[in-house]
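Examining the three-dimensional arrangement
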Amino acid sequence: MSNHGRWRVHAECDDNTWFREIQTSKILAWDGYKYEPCWLHTSTAAERGIKHGDIVRVFNERGSVLAGAYVTERIWPGVAYVDHGARVDWIIPGTLDRGGAINVISPIGTVSKNCFGMASSGYLVQVEKVTMTQMEEWREQYPDAFERAYDQASGLRFDAWVEGGME
């Protein structure tokens, strides 16, 4: 399930330092990165060996998005919930996103022949825990993705995406 987030309008305000301090806005993981929360019921998380604060991979046939596990009783068992609108932070462009932009794996079909809109509020995904070994493999294979300018308080910095830097 994916709906408009409470703490931003699409990607606008995703870098707001005050919002990023709120536990349901971002999850600080063991690697020092603040991930988009993926809400999972306690029973669903337990079935997958996931604990609150773990890094998880939310994926389907369209790609993968990393998120921080937010384990709670406040969601139905079997449902994974991630707000849409986070900024993309590609590890593998078009395939694996670390920024939590769940939009990259939502269906791209239009909701009506009369108007365009994404069917982004509900679709099938799988969720699995990311291990330190997996993360290290990605770090070795895609070092540029992990060397982008990143500030824990505000996320990806503008100069992380400017070709040639801020010279």
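Right, let's walk through the structure included here.

As a further point, take the packing of aromatic side chains. In the structure shown here, the tally under the stated rule is four aromatic pairs. Ring geometry for Tyr33 and Tyr150: centres 4.4 Å apart, planes at 10°, overall stacked. Here Tyr150 lies in strand β10 (residues 150-151) and Tyr33 lies in the loop between β1 (27-28) and β2 (34-35), a separation of 117 residues in the sequence. Overall, Tyr33 belongs to the buried group, its relative accessible area being 5%. For Tyr150, a relative accessible area of 24% translates into the label partly exposed. Here the basic side chain of Arg57 rests over the ring of Phe59, its NZ or CZ set 3.7 Å away from the ring centre.

With that settled, the discussion passes to empty space enclosed by the protein. Across all of its chains, the model carries three cavities of 30 Å³ or more by this definition. Space inside the second largest cavity adds up to approximately 60 Å³. In this structure, the second largest cavity is lined by Met1, Ser2, Val58, Ala80, Val82, Ile102, Tyr123 and Val125. Taken together, the residues of the lining of the second largest cavity break down into seven nonpolar, one polar and no charged.

What follows concerns the side chain of Thr44. Looking at where Thr44 falls in the secondary structure, it is placed in helix α2 (residues 42-47). Non-local contacts of Thr44, meaning those with residues more than four positions away in its chain, are made with Pro77 and Gly78.

This part covers the environment of Asn103. Take Asn103: it is sitting in the loop between β8 (96-97) and β9 (126-129). Separated by 21 residues in the primary sequence, Asn103 and Val82 have C-alpha atoms spaced 9.7 Å apart. A polar contact of 3.0 Å, which involves the side chain of Asn103, links it to the backbone nitrogen of Gly85.

The next point concerns the layout of surface pockets. Taken as a whole, the largest pocket spans an internal volume of roughly 190 Å³. If you go around the largest pocket, the residues you meet are Met1, Leu40, Thr44, Arg48, Gly78, Val79, Ala80, Tyr123, Leu124, Val125, Gln126 and Val127. Its residues assigned to classes, the lining of the largest pocket shows eight nonpolar, three polar and one charged.

Quick notes on the rules
Residues numbered from 1 in each chain as written. Predicted model: local features only at pLDDT ≥ 70, side-chain atom pairs only at ≥ 80, totals over all residues. Heavy atoms only, no water. Phe/Tyr/Trp six-rings, centres within 6.5 Å; stacked < 30°, edge-to-face > 60°. Helix = DSSP H or I, 4+ residues; strand = E, 2+ residues; numbered from the N terminus. Buried < 20%, exposed > 50% of the residue type's maximum accessible area, 1.4 Å probe, protein only. Lys NZ or Arg CZ within 6 Å of the ring centre and 35° of its normal. 1 Å grid on protein atoms, 1.4 Å probe; cavity = no way out; pocket = protein on both sides within 12 Å on 5 of 7 lines; lining within 4 Å. Points joined across faces, edges and corners; volume = space filled by probe spheres on them. Nonpolar A, V, L, I, M, F, W, Y, C, P; charged D, E, K, R; others polar. Contact = heavy atoms within 4.5 Å. Polar contact = N/O pair within 3.5 Å; in protein donor to acceptor, adjacent residues only side chain to side chain.

The values are spatial; any link to function lies outside them.
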